Every structure is written in structure tokens, then in C-alpha cells.
Amino acid sequence: MIRVQADDFDPGAELAAFSAGNGKVGGVCMFLGLVRDYLGDEPGAAANVRGMTLEHYPGMTERQLAAIEAEARDRWPLHEVLIIHRYGRLEAGARIVLVATASSHREAAFQSCHFLMDWLKTKAPFWKIEHTDGGDQWVAAKDQDDCAADRWNKK
Amino acid sequence: MNILYFAWLRGTVGQGEERVTPPAGITTVGSLVAWLKTRSDGHALAFADLTVVRVAVNQDYVGWDHPIATGDEIAFFPPVTGG
């Protein structure tokens with residue numbers, strides 16, 4: 001299931017409802033992404049981030065996320081998949097994204113959750129602009145995200 | 001056709017959306033970009049370095065040699081940074 005929304009969500013409630021009633025599920029893996037309060041890779045070394053605004057491409061976002069979910073279901077035996085991604089203004093500490101996967105066994109749940117986040121970061125059309133003490137700036141894509149996504153490409 | 005710009009491209013071009021009717025001979029994304037660059041200084045600047053621009057036709061990622069047709073929705077944006 002794909003949800004693209006401005007509103008916050010409750011990870012606990014989402015997790016509880018996620019695989020409720022499905023007796024085949026033996027393992028659930030969840031990733032939760034949050035807004036950091038610093039720039040770059042070293043906490044405290046750069047300007048403080050007050051928050052960010054996430055822009056997206058309505059229509060294409062849902063289309064790409066659905067394709068990513070379909071790819072995960074093709075690769076692993078999954079009972080449930082949930083992707084929630086927020087857009088709009090988000091303050092430091094806010095929840096941005098939730099990815100959850102449910103399978104009969106843990107390995108498929110772990111791997112598919114990792115895969116979904118790696119592919120989402122390089123394929124879903126979202127863009128972050130950070131609001132810092134020094135002004136606003138668009139976040140640049142990272143090579144390491146491309147490398148993380150590439151590891152899942154079939155050889 | 002409908003052209004969409006996202007993130008910093010929108011600011012550089014100066015608008016998020018425009019309807020255009022390119023002249024005959026504009027048959028690929030690449031040739032469309034070359035034509036769009038002639039429309040304003042902002043367009044020229046936005047497309048000055050295509051290594052930092054991605055393109056989607058009808059909401060699917062495509063390459064610069066992808067064919068285009070009347071009625072297509074063509075979006076230009078920087079590499080994505082969600083998640």
C-alpha cells in the first residue's frame with residue numbers, strides 16, 4: 001500500500017495495524033526516516049537545520065512507489081508492504097517516511113525493507129529544500145545513495 | 001505539450017508549468033531541450049548542465065533520445081532526494 005500525504009502518522013498504530021489478522025506473517029521490518037537538525041555528515045559541524053520542505057511530483061510519485069513495491073514483491077515472498085511518504089513543510093525531528101514489510105520469515109522482511117528504502121531514495125520524485133540559519137538550500141543528491149541502490153541491481 | 005519543472009529548475013526557469021507547441025523537427029527530449037533553451041535566459045541557465053537534470057515523459061524516467069509527441073507531459077527536475 002502506498003500513501004503520499006502531508007499529514008503526520010503514528011508509527012506504532014501503523015505497525016500494529018500493518019499485519020493484524022494475517023496469520024502467515026512471521027516477521028515485520030519497519031524503517032522510519034526523520035528530519036535531522038544538522039547539515040552534512042557531522043552533527044554540530046555545520047549550520048543548524050530548522051526544518052525542510054519536501055516537494056514531489058503528484059502522480060509520478062505514486063506511480064514510481066507502486067513500481068518499487070511491485071519490484072519488491074517480485075523479489076521476495078511478502079505478505080504486506082506499506083510505504084508512507086510525507087511532503088510539505090517538516091520541522092526538525094518530524095517523521096518523513098515509513099517503510100514496512102511483512103513476510104513469513106525475517107530475512108525477506110529485512111532485505112525487502114532495505115531494498116525499498118534504497119530504491120525509493122533514488123527513484124521516487126521527491127526533493128528536499130532545507131531551511132537553515134544561513135538560508136534555504138536545495139539538498140543535492142548523494143553518490144552514496146546511488147551506490148546503495150546499485151547493490152540491488154541484478155548482476 | 002505540457003512541460004513541468006520541479007525543485008530548483010522551477011525557480012531558475014521562473015515557472016512550474018508551461019504549455020508549448022514546438023516547431024516541426026522537435027521529435028526527441030534532447031531536441032526539445034535545445035529549443036526550450038532559446039525561450040529565455042532562465043531556460044538556458046536551467047539546462048546549462050544536463051548532468052544535473054533528469055527527465056520523465058508521461059511520468060516515466062527516460063533518456064535524452066526518447067521520442068516526444070503532442071499531448072505528452074514532460075517533466076524536468078534534479079536528481080531526487082526523498083526518503
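All figures in this text were calculated on a predicted structure; none of them were measured in a lab.

J.: Please explain the sheet that holds strand β4 (residues 78-86) of chain A as it appears in this structure.
T.: Pairing between sheet strands relies on hydrogen bonds along the backbone, with the strands arranged either parallel or antiparallel. All names here are of chain A. Overall, mixed pairing links the 4 strands, which are arranged β1-β4-β6-β2 in an open sheet. The open sheet has two free edges, formed respectively by β1 (2-5) and β2 (27-34), since each of these has just one partner strand. This sheet shows a mean twist of 5° between the axes of neighbouring strands, independent of strand direction. For β1 and β4, the ladder comprises 4 bridges, and the chain directions are parallel. If you follow glutamine 5 over to β4, its bridge partner there is arginine 86. Contacting β1 and β4, helix α2 (residues 60-75) runs over the sheet at an angle of about 155° to β4. Contacting β2, β4 and β6 (95-103), helix α3 (residues 106-123) crosses the sheet at an angle of about 145° to β6.

J.: It is not clear to me how helix α1 (residues 11-18) of chain A should be interpreted in this structure. Could you clarify?
T.: Because each turn of an α-helix spans 3.6 residues, side chains separated by three or four positions in sequence point in the same direction. All names here are of chain A. Among the residues of α1, Pro11, Glu14 and Phe18 are the ones counted as buried. Seen along its axis, α1 keeps its buried residues to an arc of 65°; they face one direction. Among the exposed residues of α1, those pointing more than 90 degrees away from its buried face are Ala16 and Ala17. For α1, the secondary structure elements touched by its buried residues are β1, β2, β4 and β6. Of the residues flanking the start of α1, the one acting as N-cap is aspartate 10, its side-chain oxygen 2.9 Å from the backbone nitrogen of glycine 12.

J.: Explanation requested: the environment of A:Leu90 in the structure shown.
T.: All names here are of chain A. Structurally, leucine 90 is set in strand β5 (residues 88-91). The exposure class of leucine 90 is buried, given its relative accessible area of 1%. With 64 residues separating them in the primary sequence, leucine 90 and lysine 154 have C-alpha atoms 35 Å apart. Setting aside chain neighbours within four positions, we find leucine 90 in contact with Val35, Gly51, Met52, Leu54, Arg95 and Ile96.

J.: Would you take a moment to explain the sheet that holds strand β1 (residues 2-5) of chain B for this structure?
T.: Residues and elements named next belong to chain B. Sheet architecture is open: 5 strands sit in the order β2-β1-β5-β3-β4, paired in mixed fashion. The open sheet is flanked by β2 (17-19) and β4 (60-61), the only strands paired with a single partner. Bridging between strand β3 (residues 54-57) and β4 involves 2 bridges; their strand directions are antiparallel. Directly across from valine 57, in β4, lies its bridge partner aspartate 60.

J.: Teacher, can you tell me more about the interface of chain B and chain A here?
T.: When the parts of a complex come together, some accessible area is lost, and that lost area is often used as the size of the interface. Chain B puts 19 residues into the contact, and the matching count from chain A is 26 residues. Overall, the association of chain B and chain A removes approximately 1,800 Å² of surface from exposure, summing both partners, and the carbon and sulfur fraction of that is 57%. Per-residue buried area on chain B facing chain A is highest for B:Gln59, B:Thr81 and B:Gly83; these three make up 38% of the total on that side. Among the ionic pairs, B:Arg10 bridges to A:Glu55, the shortest N-O distance being 2.5 Å. Listing elements by their share of the side of chain B that touches chain A, those giving two or more residues are α1 (8-13), β4 and β5 (73-77) of chain B. With 3 residues, β5(B) is the single largest residue contributor to the side of chain B that touches chain A. Across the side of chain B that touches chain A, the residue classes tally to 11 nonpolar, 5 polar and 3 charged.

J.: When you look at the pattern of salt bridges in this model, what are you seeing that I'm missing?
T.: When the charged atoms of two side chains with opposite charge come close together, those side chains can pair. Residues and elements named next belong to chain A. By the definition in use, this model includes 11 salt bridges over all chains. Note that arginine 75 and glutamate 71 form a salt bridge whose closest N and O atoms lie 2.7 Å from each other. Placement of both arginine 75 and glutamate 71 in helix α2 is noted, with a separation of 4 residues, approximately one turn of the helix. Classification of glutamate 71 as partly exposed rests on a relative accessible area of 22%.

Criteria and thresholds
- Residues numbered from 1 in each chain as written.
- Chains lettered and ligands numbered in written order.
- Predicted model: local features only at pLDDT ≥ 70, side-chain atom pairs only at ≥ 80, totals over all residues.
- Heavy atoms only, no water.
- Pairing = 2+ DSSP bridges.
- Helix = DSSP H or I, 4+ residues; strand = E, 2+ residues; numbered from the N terminus.
- Axes fitted to C-alpha atoms, helices over the stretch in contact; angles between N-to-C directions.
- Contact = heavy atoms within 4.5 Å.
- Buried < 20%, exposed > 50% of the residue type's maximum accessible area, 1.4 Å probe, protein only.
- Arc of directions from axis to C-beta.
- Polar contact = N/O pair within 3.5 Å; in protein donor to acceptor, adjacent residues only side chain to side chain.
- Buried area = accessible area lost by both parts, 1.4 Å probe.
- Salt bridge = Lys/Arg side-chain N within 4 Å of Asp/Glu carboxyl O.
- Nonpolar A, V, L, I, M, F, W, Y, C, P; charged D, E, K, R; others polar.

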